[in-house]
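# Per-entry structural report
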Amino acid sequence: MANSSNTTQKEEIELDDEENQSFEDLSLDPRLLRALIKKGIKKPTPIQRVAIPLILEGKDVVARAKTGSGKTFAYLLPMLQKLLLDSGSNKRLAPSSFILVPTRELCHQVYSEVTSIIELCKAQLKAVQLIRGMTAAQMKQTMSGPPDILVSTPACVLTCLKAGILQPKAIQDSLSMLVLDEADLLLNYGHGDDLRSLTAHVPKRCQCLLMSATPSADVEKLKKLILHNPYILTLPEVGGNKDELIPNNVNQSWVSCKSDHDKFIYILALLKYEFVAKKMLIFTNTIDMGFRLKLFLEKFAFRSAVLNAELPQNSRLHMIEEFNAGLFDYLIATDIGQAGKDQEDSVKKPEGKNSRKRKKPKLDAEFGVVRGIDFKNVLTVINFEVPQTASGYVHRVGRTGRAFTTGASVSLVSPDEMEAFDEIKATLSDKESGKAYFINSFNSKGLDEAVKSLRYRAEDILRSVTSFCVRESRAQDLRNEILNSEKLKSHFEANPRDLDLLKHDKVLSKKEPPAHLRNIPDYLVDPATQEASNIVKLTRLAMGNNRKPSQRPSQKRKSKRKRDPLKTLSGEGSNQRNKRKRSNQK
Ligand SMILES: Nc1ncnc2c1ncn2[C@@H]1O[C@H](COP(=O)(O)OP(=O)(O)OP(=O)(O)O)[C@@H](O)[C@H]1O
């Protein structure tokens, strides 16, 4: 239980070890308790145990807790409880709760979470999301009612204010709770001016909450801008080191690779011999590298999709939903958008004569692939390239081991990246002992042997993945996704729950992957490596960490799909589709 006092001074709150506390103990409304049970959420996380009572009491709160620690429910549950008790009690002209997030992906994610709880509660509450790209008429319609909860980026709220869709007076009269989620990013993504303009309309009595995984000067600025004597919750995991930002339940390791080139062979060995568990999120620093890796892996029958800032928003959201639903196992992601744009520029390596002439990719400024996105059931995060900053590392690795689950991360480090990796380790190390004890060298003797056995084939394939192929595939993928995006837009307006209609993990190589690369022939398998691989698999199984193959929604919906007009609009031709079908059946 939190030891809080009623002083008006801001206060650091530490957590006592009361793991057995339940949601009932937090005095939540029975409708919310039922909704949580239906969602399979059994007991509160530490941040929820402390934050919920304080928020219910009406306190301003700054919550700094690790990635995946359940910060969203920590504010959503008390917000909904207040609304459930208040609903219909006064006539409002604007929403009574605003949730401001830095990116559209997060907007969509939080909105889905709120609406799902409202549905499960069978409550007469309305939540809406405002996203960039909406017309004034769409915004007006969205805001009519008015809704109870608005999820939006600050920029969209300001657009509404400027267009007269939201009146400052209405906000002042109606707004009773303001949440700044992923607060450390809000200023990073250029929302600073918008936020400052907005705060002028936030009434003094409005309860303000600020959620963040990593401490930063920006969070401090926001705190001063909006909050009144807030309770500061800095919550490590129970029993954890206060300075650790990554949950203890993530087993972090790294592999020293002799060159960038060797990383391809190492990742192939990790995947082929199942030294790491799927589902898997693989990070690269540039979009080109993402596609190079995709093309390389698909030759060995590993199908993946590349999530990046160049893609249309609908495709990105759909890709994340498909991945979350278990429709494919390998997602390659580049975490660049507004905040990482420089990274794409600075890390890009020369790729042949034509590379300089290439037009700069048009990146979505609001793209924030890792920050706060709740990728479900990710068992392994691979840093195929070392992120540029410690905070980038924390947010990438934090995509696994969410809430009460466990996960693993493996960083592939080349000699060129060693310095950056050492800096990350130093930043995240235990300040007292100076040891980054939690990032261990990857513990499997079999890995080097596996790399040896695969080297010849891998190098051969790697030579065929030229810069030209990468460029062509990237352009092809973008064309497919733009087509998908238009279809998705209209289709998902009508069928928001449909998922398995468009594939994002399509094979991009012109030639089908050769059949002989699917499996490792017996003569290449070293018995010791196989044994090491089996031990790793058995250990994972014993720890309950091997995902059961999910039932693909497509199997249930076969008859519906026949009639679906989207099928006829696919980005790939029917010949290609049939070919793929045949290859899948092999
Ligand atoms: N009490 C709980 N028990 C089990 N799962 C939970 C609980 N609370 C939240 N979750 C789940 O844990 C996952 C992570 O939660 P959430 O996205 O709120 O984390 P976060 O702290 O906001 O992470 P980040 O800082 O990365 O944004 C979600 O899938 C959520 O549904």
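Thresholds applied
Residues numbered from 1 in each chain as written. Predicted model: local features only at pLDDT ≥ 70, side-chain atom pairs only at ≥ 80, totals over all residues. Heavy atoms only, no water. Helix = DSSP H or I, 4+ residues; strand = E, 2+ residues; numbered from the N terminus. Buried < 20%, exposed > 50% of the residue type's maximum accessible area, 1.4 Å probe, protein only. Areas by Shrake-Rupley, 256 points an atom, 1.4 Å probe, with all protein chains shown as cover. Salt bridge = Lys/Arg side-chain N within 4 Å of Asp/Glu carboxyl O. Phe/Tyr/Trp six-rings, centres within 6.5 Å; stacked < 30°, edge-to-face > 60°. Near = heavy atom within 4 Å. Polar contact = N/O pair within 3.5 Å; in protein donor to acceptor, adjacent residues only side chain to side chain. Axes fitted to C-alpha atoms, helices over the stretch in contact; angles between N-to-C directions. Parallel < 35°, antiparallel > 145°, perpendicular 65-115°, else oblique. Left-handed = near helix turned anticlockwise from the far one by under 90°. Contact = heavy atoms within 4.5 Å. Nonpolar A, V, L, I, M, F, W, Y, C, P; charged D, E, K, R; others polar. Pairing = 2+ DSSP bridges. Core = buried A, V, L, I, M, F, W, Y, C linked by side-chain atoms within 4.5 Å.

This part takes up the overall build of the protein. Along the protein, the regular secondary structure elements total 22 helices and 15 strands. Per-residue burial for the protein yields a buried fraction of 57% across its 586 residues. When the accessible surface of the protein is totalled, it reaches about 26,800 Å², and 51% of it is carbon and sulfur.

Here we take up the pattern of salt bridges. For the structure shown, the criterion picks out 18 salt bridges. With its nearest N and O atoms 3.2 Å apart, the salt bridge here joins K59 to E57. Its relative accessible area of 48% is what places E57 among the partly exposed residues. Between K452 and E449 there is a salt bridge, and its shortest N-O distance comes to 3.3 Å. Of the two residues, K452 and E449 both sit in helix α17 (residues 446-464), three residues apart, roughly one turn of that helix. We classify K452 as exposed; its relative accessible area is 58%. Among the charged side chains, a salt-bridge network with shared partners connects D262, R455 and E459.

To continue, consider the packing of aromatic side chains. Evaluation of the coordinates by the stated rule reveals nine aromatic pairs. Aromatic side chains F264 and F296 sit 5.3 Å apart centroid to centroid with 75° between the ring planes, which places their arrangement in the edge-to-face category. Here F264, found in helix α11 (residues 260-272), pairs with F296, found in helix α12 (residues 287-299); they are 32 residues apart in sequence, far enough to count as distant. You can call F264 buried: its relative accessible area is 4%. Given the relative accessible area of 0%, F296 is considered buried. With a centroid separation of 6.1 Å and an interplanar angle of 75°, the aromatic rings of F323 and F375 are classed as edge-to-face. In this pair, F323 is assigned in helix α13 (residues 313-324) and F375 in the loop between α14 (341-347) and β13 (380-383), connecting sequence segments 52 residues apart.

Here we take up the site of the ligand. The local shell around the ligand holds 23 residues, among which G68, K71, T72, E182 and D374 are the closest. Between the ligand and S69, the relevant distance is 3.0 Å, taken from an oxygen atom to a main-chain nitrogen or oxygen of the residue. One of the side-chain nitrogen or oxygen atoms of R402 is found 2.8 Å away from an oxygen atom of the ligand. When isolated, the ligand has an accessible area of 640 Å², and the protein chains bury 90% of it. It is helix α3 (residues 71-86) that provides the largest number of residues to the shell around the ligand, a total of three residues.

We now examine unusual backbone geometry. Of note, the amide linkage connecting G145 to P146 takes the cis form, showing an omega dihedral of -10°. Residue placement: P146 occurs in the loop between α5 (136-143) and β5 (149-152). At E182, a position not held by glycine, the phi torsion is positive, near 50°. When you line up the elements, E182 lands in the loop between β6 (177-180) and α8 (183-188).

Okay, the packing of α3 against helix α4 (residues 104-121) next. The geometry of α3 relative to α4 is characterised by a closest axis approach of 11 Å and an angle of 40° between their N-to-C directions. By the angle between their axes, α3 is oblique relative to α4. The two elements α3 and α4 meet at a crossing, and its hand is right-handed. Residues F73, Y75, L76, L77 and L80 of α3 form the contact with α4, whose participating residues are V110, E113, V114, I117 and I118. The residue inventory of the contact of α3 with α4, partitioned by class, reads nine nonpolar, no polar and one charged.

As a further point, take the pairing of β13. The alternating pattern of β13 places T380 and I382 and V381 and N383 on opposite faces, both of which are buried. Across four bridges, the pairing between strand β10 (residues 280-284) and β13 is parallel. Bridging from a neighbouring strand, F283 pairs with N383 of β13. Both β13 and strand β14 (residues 407-413) contribute to a ladder of four bridges, which runs parallel.

Below, the discussion takes up the environment of N314. As for its position among the elements, N314 is in helix α13. Taking the C-alpha atoms as reference, N314 lies 9.6 Å from E105; in sequence the two are 209 residues apart.

On to the sheet that holds strand β9 (residues 250-256), then. Think of a sheet as strands paired side by side through backbone hydrogen bonds, with each pair either parallel or antiparallel. Taking strand neighbours across the sheet as the criterion, the seven strands line up as β11-β12-β10-β13-β14-β9-β15 in an open arrangement whose pairing is parallel. Edge strands, defined here as strands with exactly one partner in the open sheet, are β11 (304-307) and β15 (439-441). Each adjacent strand pair in this sheet contributes to an overall mean axis angle of 25°, direction not counted. Its contacts with the sheet put α12 on β10, β11 and β12 (330-334), and the angle it makes with β10 is roughly 135°.

A few words on helix α2 (residues 46-56). Among the 11 residues of α2, nine are classified as buried, and the element is accordingly described as predominantly covered. When we look at burial in α2, the residues that qualify are P46, I47, Q48, R49, V50, A51, I52, L54 and I55. Residue G58 follows α2 closely and has a positive phi angle near 95°.

The biggest cluster of nonpolar side chains holds 61 residues, and the ones touching the most others in it are Y75, I99 and V114. L270, F291, I461 and V465 belong to the second-largest nonpolar core, a separate cluster that totals 43 residues.

The subject of this paragraph is the pairing of strand β3 (residues 97-100). Residues S97 and I99 point to one face of β3 and F98 and L100 to the other, with burial holding for every one of them. For β3 and β5, the ladder comprises four bridges, and the chain directions are parallel. Its bridge partner lying in β5, I99 is registered against V151. Of the strand pairs in this sheet, β3 and β6 are connected by four bridges, and their pairing is parallel. Residue pairing in the sheet places F98 in a bridge with L178 of β6.

In short, shape yes, function no, at least from these values alone.
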